[in-house]
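Given next are the chains, with one letter for each unit.
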Amino acid sequence: MFDEIMEKFEGSPSQQAVIRLLLERGFSVNDDGRVVSGGIEIPNTGIAREIDVDRRVVDSTTNAILDDPELRRIFQNISQVPSLMDLAPVLDLTVLSIAVDNAEQKGIVAQVTGTLADNDISIRQTISEDPEFTDEPRLYLITDQDISGTAITELRDLEFVRKIELQ
């Protein structure tokens, strides 16, 4: 899906940057063509400044979204999920990041969460990046405990795990 969306803007890297930002941040586009998070409007100048494009690029991108029924349906229904990842250092939480060989393989989340449960590690939050919307999807698990070497070894030995990082 991500590739299909980006193809619609293949002639404009600047518009692709706007699309990428909207998807990464979970920003919607309302009926007036304004970028919003919930009911809060995000000024186009702020978006443009964030990705180093002209404000008019944001305008033309949101207009293109509204003119395309498929894009309209996606961008009028996208929403943001609060994440504990950035708060982890402040709240003394552990963030486990797992990169896998094939993110579309079935049972990844179940096997990872099961392994942590088997090691008496409770999970505060799980965030799974959608392989349709990102090139390198990861599974993030936030815990309020340290993850033992035994648990890390068991996770590393799962057939689909390519890389593990602790933060």
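Going by the structure above, here's the rest.
This text gives an overview of the structure that appears in the document.

Rules used throughout
- By convention here, each chain's residues receive numbers from 1 onward along its written sequence.
- Where totals are concerned, whole chains, interfaces and linings use all residues; where local detail is concerned, this predicted model gives features only for residues with pLDDT of at least 70, and gives and counts side-chain atom pairs only at 80 or more.
- Based on all heavy atoms of the structure, the side-chain values leave hydrogens and waters out of the count.
- For this analysis, a salt bridge means a side-chain nitrogen from Lys or Arg found within 4 Å of a carboxyl oxygen belonging to Asp or Glu.
- The numbering of helices and of strands both runs from the N terminus, where a helix is a DSSP run of H or I of at least 4 residues and a strand a run of E of at least 2.
- Exposed residues in this analysis have more than 50% of their type's maximum accessible area, buried residues have under 20%, and partly exposed residues fall in between, with area computed by a 1.4 Å probe over protein chains only.
- Every angle, taken between N-to-C directions, lies between 0 and 180 degrees, and every axis is a line fitted to C-alpha atoms, over only the stretch in contact when it is a helix.
- Angles below 35 degrees are treated as roughly parallel, those above 145 as roughly antiparallel, those between 65 and 115 as roughly perpendicular, and all remaining angles as oblique.
- Crossing chirality is assigned from the near helix's rotation relative to the far helix, an anticlockwise turn below a right angle marking it left-handed and a clockwise turn marking it right-handed.
- In what follows, a contact means two residues having at least one pair of non-hydrogen atoms within 4.5 Å.
- Note on residue classes: Ala, Val, Leu, Ile, Met, Phe, Trp, Tyr, Cys and Pro are nonpolar, Asp, Glu, Lys and Arg are charged, and everything else, Gly too, is polar.

Notes on the pattern of salt bridges
Within this structure, the stated rule accounts for 9 salt bridges. Taking the shortest distance from any N to any O, the salt bridge between aspartate 31 and arginine 72 comes out at 3.3 Å. Linking aspartate 31 in the loop between β1 (28-29) and β2 (35-37) with arginine 72 in helix α5 (residues 69-75), this pair joins segments that are 41 residues apart in sequence. Given the relative accessible area of 29%, arginine 72 is considered partly exposed. Measuring nitrogen to oxygen at the nearest pair gives 3.1 Å for the salt bridge that ties glutamate 165 to lysine 163. With a relative accessible area of 28%, glutamate 165 lands in the partly exposed category.

Section: the packing of helix α3 (residues 44-51) against helix α4 (residues 55-67)
When two helices pack together, their arrangement is given by the angle between the helix axes and by the axis-to-axis distance. Packing of α3 against α4 leaves a shortest axis separation of 8 Å and a crossing angle of 110°. When the axes of α3 and α4 are compared, the pair comes out roughly perpendicular. Like other packed secondary-structure pairs, α3 and α4 cross with a definite hand, here right-handed. Contacts from Asn44, Thr45, Ile47 and Ala48 of α3 reach α4 at Arg55, Val58 and Asp59. When grouped by side-chain class, the residues that make up the contact of α3 with α4 number 3 nonpolar, 2 polar and 2 charged.

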